[in-house]
Amino acid sequence: MKFVTSILNRRAFAALAAASMLAGVMHSAPVSAADATIPIIVKDTTSFYWQIVLAGARKAGKDLGVDVPELGAQAETDVNGQISILENAVAGNPAAVVIAPTEAKALGKPIDEAATKVKIIGIDSGADSKAFTSFLTTDNIQGGRVAADGLAAAIGEANGGKVEGDVALITALPGAGSLEQRAQGFKEQLAAKYPGLKLIADKYADGQATTGLNIATDLITANPNLKGIFASNLIMAQGVGQAIAENSLAGKVGLVGFDSDEKLIKFLNDGVISALVVQDPYRMGYDGIKTALAASKGEKVEANVDTGANLVTKANMKDPKIDALLNPKLD
């Protein structure tokens, strides 16, 4: 009887082991492009910058034969909304997910949890998570350094070569990884290269252009020696640009913005904005989907990819490479 029981136990164990191996194979089976759904979750679907990211992702979907749901909240301040979108996307069992986290700390745990079920590809902004399979972004610290160089050049041009005076930094929101890194790079570069420039204000807004306008107006009024402002994202650059224009300070107070749209390009043409630090959001969207598909197939992908940052001035904005960044195809 013991012998028979032993045989049955061995058979049961073998069957269980085979089932476990099959389940493991099924779980890790490579995904074909024809079957793949890869959602992309941006910070704000209404912003021109994020529309460029989505356009890149859409083109990648067409080129690679992947279904790419375009998801995101209606404002970068809607952190809880993005968390819910991520949870719902993962519940749909996609091949992978591409996400630009709205806020580093708040998105850390949700990304950790999502990554236990699916490959997560990060773009643009980081999160307090080590669970990204790959992360594609501008080197935002370097972007901040580029902005400091651009602002110093503008101040020197407006003041007979003297790079001195008070400058200010205006950040759209606290806690956003990319924005904090831009601020870090900007301040480090000022300290290292431009001793004549004094950072007299380091302000946070609430993500609204009107708030950026009001902060800049107050700074202009309170600081007659203000020579320059770095507005570290598109929305803040819109608001600060409006303040410069309304106070007739074009060419007198330098302004460097980050990213671009029609309004900022007009400000650049009109001399209201001295320079723009322009990323490659189209590439982020396209390569984000491409990387996610490769990862879902079990292919090796780069852990970190720098998608680049460029200083755009009125002098170089017509260069073919720069023009392509300023006027991306949104089809």
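Residues numbered from 1 in each chain as written. Predicted model: local features only at pLDDT ≥ 70, side-chain atom pairs only at ≥ 80, totals over all residues. Heavy atoms only, no water.

Quick word on helix H6 (residues 177–193)
Move 1: Its 17 residues give H6 an end-to-end C-alpha distance of 24 Å, which sits within 8% of 24 Å, the value for a rise of 1.5 Å per residue.
Move 2: Where H6 is buried, its residues contact helix H4 (104–115), helix H5 (140–158), strand S6 (165–171), strand S7 (197–204), strand S8 (226–231) and strand S9 (254–258). (Helix = DSSP H or I, 4+ residues; strand = E, 2+ residues; numbered from the N terminus. Expected span 1.5 Å × (residues − 1). Contact = heavy atoms within 4.5 Å.)

Describing the layout of surface pockets
Move 1: Considered as a void within the structure, the second largest pocket measures approximately 370 Å³ in volume.
Move 2: By residue number, the principal contributor to the lining of the second largest pocket is H5, which donates five residues.
Move 3: Taken together, the residues of the lining of the second largest pocket break down into ten nonpolar, six polar and three charged. (1 Å grid on protein atoms, 1.4 Å probe; cavity = no way out; pocket = protein on both sides within 12 Å on 5 of 7 lines; lining within 4 Å. Points joined across faces, edges and corners; volume = space filled by probe spheres on them. Nonpolar A, V, L, I, M, F, W, Y, C, P; charged D, E, K, R; others polar.)

Details of the packing of aromatic side chains
Move 1: On inspection of all chains with the given rule, the structure shows four aromatic pairs.
Move 2: Ring centres 5.5 Å apart and planes at 35° place the aromatic pair Phe-132 and Phe-135 in the tilted group. Here the two residues Phe-132 and Phe-135 agree in accessibility, since each one is buried.
Move 3: Taking 6.3 Å as the distance between ring centres and 45° as the angle between the ring planes, the aromatic pair formed by Phe-230 and Phe-258 counts as tilted. With a gap of 28 residues between them, Phe-230 in strand S8 and Phe-258 in strand S9 connect regions that are remote in the sequence. This pair shows no difference in class: Phe-230 is buried, exactly as Phe-258 is.
Move 4: The rings of Phe-186, Phe-230 and Phe-258 are connected pair by pair, giving a single aromatic cluster. (Phe/Tyr/Trp six-rings, centres within 6.5 Å; stacked < 30°, edge-to-face > 60°. Buried < 20%, exposed > 50% of the residue type's maximum accessible area, 1.4 Å probe, protein only.)

Here's the deal with the sheet that holds strand S11 (residues 304–306)
Move 1: Pairing within the open sheet is parallel, and its six strands lie in the order S2-S1-S3-S4-S5-S11. Both edges of this open sheet fall to strand S2 (70–72) and S11, since each of them pairs with a single strand only. Shown here is a sheet whose adjacent strand axes are inclined to one another by a mean of 20°, direction ignored.
Move 2: In terms of strand pairing, strand S1 (residues 40–42) meets strand S3 (residues 96–99) through two bridges, oriented parallel. In the sheet register, Ile-40 faces S3, and the bridge partner there is Val-98.
Move 3: Contacting S1, S3, strand S4 (119–123), strand S5 (134–137) and S11, helix H10 (residues 281–296) runs over the sheet at an angle of about 160° to S4. (Pairing = 2+ DSSP bridges. Axes fitted to C-alpha atoms, helices over the stretch in contact; angles between N-to-C directions.)

Some points on the sheet that holds strand S12 (residues 310–312)
Move 1: The strand order across the open sheet formed by six strands is S7-S6-S8-S9-S10-S12, and the pairing between neighbours is mixed. A single partner strand is all that each edge strand has here, and the edge strands are S7 and S12. Going across the sheet, the axis of each strand differs from the next one's by a mean of 20°, ignoring polarity.
Move 2: Across three bridges, the pairing between strand S10 (residues 275–278) and S12 is antiparallel. Within the sheet, the bridge partner assigned to Val-277 lies in S12 and is Leu-311.
Move 3: Against the sheet, H5 touches S6, S7, S8, S9, S10 and S12, its axis set at about 160° to S9.
Move 4: Of the strands in this sheet, S6, S7 and S8 touch helix H7 (residues 209–222), which is tilted by about 165° from S6.

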